[in-house]
Amino acid sequence: MADREQAEHGATTDVHPGSAPQAVGPPLLVLRGVDKHFGELHVLQDVDLTVGKGEVVVVLGPSGSGKSTLCRVINRLETIGSGSITIDGQELPEEGKGLAQLRADVGMVFQSFNLFAHKTVLENVTLGPMKVRKVPASQARERARELLRRVGVESQADKYPAQLSGGQQQRVAIARALAMEPKIILFDEPTSALDPEMVTEVLDVMVSLARAGMTMVVVTHEMGFARRAANRVVFMADGKVVEEGDPESFFTAPRTARAQDFLSKILTH
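Predicted model only: the values in this text are computed from it and were never measured.

Undergrad: What exactly am I supposed to notice about the pairing of strand β2 (residues 41-52) here?
TA: It is a general feature of regular strands that their side chains alternate between the two faces of the sheet. Across 8 bridges, strand β1 (residues 27-38) lies against β2 in antiparallel orientation. Note on β2: the bridge partner recorded for valine 34 is valine 47.

Undergrad: Help me out: how do you make sense of the packing of helix α5 (residues 137-150) against helix α6 (residues 166-179) in this one?
TA: When two helices pack together, their arrangement is given by the angle between the helix axes and by the axis-to-axis distance. Two elements in contact, α5 and α6, have axes whose closest approach is 9 Å; the angle formed by their N-to-C orientations is 135°. By the criterion of interaxial angle, the relationship of α5 to α6 is oblique. In this structure, α5 meets α6 at a crossing whose hand is right-handed. Each of Arg143, Leu147, Leu148 and Arg150 in α5 lies in contact with α6, whose residues at this interface are Val172, Ala175, Leu178 and Ala179. The residue makeup of the contact of α5 with α6, split by class, is 6 nonpolar, no polar and 2 charged.

Undergrad: What is the right way to read the packing of α6 against helix α7 (residues 196-211) from this model?
TA: Relative to each other, α6 and α7 sit at 20°, their axes nearing to 8 Å. One element, α6, and the other, α7, form an angle in the roughly parallel class. Relative to α7, the crossing made by α6 is right-handed. Where α6 approaches α7, its residues Gly166, Gly167, Gln168, Gln170, Arg171, Ile174 and Leu178 are matched on the opposing element by Met198, Glu201, Val202, Val205, Met206 and Leu209. Residue composition of the contact of α6 with α7, by class: 7 nonpolar, 4 polar and 2 charged.

Undergrad: Just checking my understanding: could you explain the confidence of the model for the protein for this structure?
TA: It should be kept in mind that the predicted coordinates are not to be read in detail where pLDDT is low. Here the protein averages 89 in pLDDT, and 91% of its residues register 70 or above. Confidence scores differ between elements of the protein, with helix α1 (residues 2-11) showing the lowest mean pLDDT of 37 and strand β8 (residues 216-219) the highest of 98. Note on residues 1-21: pLDDT under 50 across the span, and 50 contacts to partners over four residues away in sequence or across chains.

Cut-offs applied
- Once a new chain begins, its residue numbering starts again from 1 and follows that chain's sequence as written.
- Given that this is a predicted model, residues contribute local features only at a pLDDT of at least 70 and side-chain atom pairs are listed and counted only at 80 or more, while totals for whole chains, interfaces and linings are drawn from all residues.
- Side-chain measures here rest on the full set of heavy atoms in the structure, leaving out hydrogens and waters.
- The pairing criterion is simple: DSSP has to find at least two bridges between the two strands.
- Strands here are runs of E lasting at least two residues and helices are runs of H or I lasting at least four, both read from the DSSP assignment and numbered beginning at the N terminus.
- A fitted line through C-alpha atoms serves as each axis, taken over the contacting stretch for helices, and the angle formed by two N-to-C directions is quoted from 0 to 180°.
- Under this scheme an angle from 65 to 115 degrees is roughly perpendicular, one under 35 degrees roughly parallel, and one over 145 degrees roughly antiparallel; angles in between are oblique.
- Should the near helix be turned anticlockwise from the far one by less than a right angle, the crossing is left-handed, and should it be turned clockwise, the crossing is right-handed.
- In this analysis, two residues are considered to be in contact whenever any of their non-hydrogen atoms come within 4.5 Å of each other.
- Throughout this entry, Asp, Glu, Lys and Arg are counted as charged residues, while Ala, Val, Leu, Ile, Met, Phe, Trp, Tyr, Cys and Pro are counted as nonpolar. The remaining residues, Gly among them, count as polar.
- As a per-residue quantity, pLDDT reports the predictor's confidence and falls between 0 and 100.

Okay, structure coming up:
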């Protein structure tokens, strides 16, 4: 595992410097007192988090700290026990048409790509806009090709996911999320299933999104990306937000013993 972390950590060094995102706007995503249990396990404990428009927030923490669950409750892939989540001033409902509409505003990029295996790359990217946003097919295809070009895989448009490398599949997944024109995109460990040489190609796309002002919440172990692209680092442990701050302060002078211990282990690999 240490070798894997070392390889991934090393891969981030190619992420281009000088890539800080644009200035942060008014609050877009607000979590207040969010609690979540899986049986007896208290996976999110009274979590408060505000993400501004155009902000890139990187969520770090050890395995089992609640990072991925945080992503999944933000777009209601998991329900919450108590608390509230609002997106652009609207509280996320538990179910129904209102939830579907708000969820369309929240893009999600998963660890395992989650592309439709029986559909081409182009079909994967056009499906959501046509079905959910009711975008005409010709317009959806034109936009999809533009996005595939943006993430560097336009030449793969007529192939099926299995014909692509992991890095290409993840870039298609990012294009698919962008096709819905979301207000925010959540990334749940988007590079952890990739071979080390594919990590940088995906991180470069994410850095370009940050530069363009996309609001992003990124759960990752990629410290290089966090240093270069984040406005803010949120450190979680045992279901709680333990510490948050700008990347430079967090990595050079973490305030809490828990963060210091985490960084001493991960940054030595």
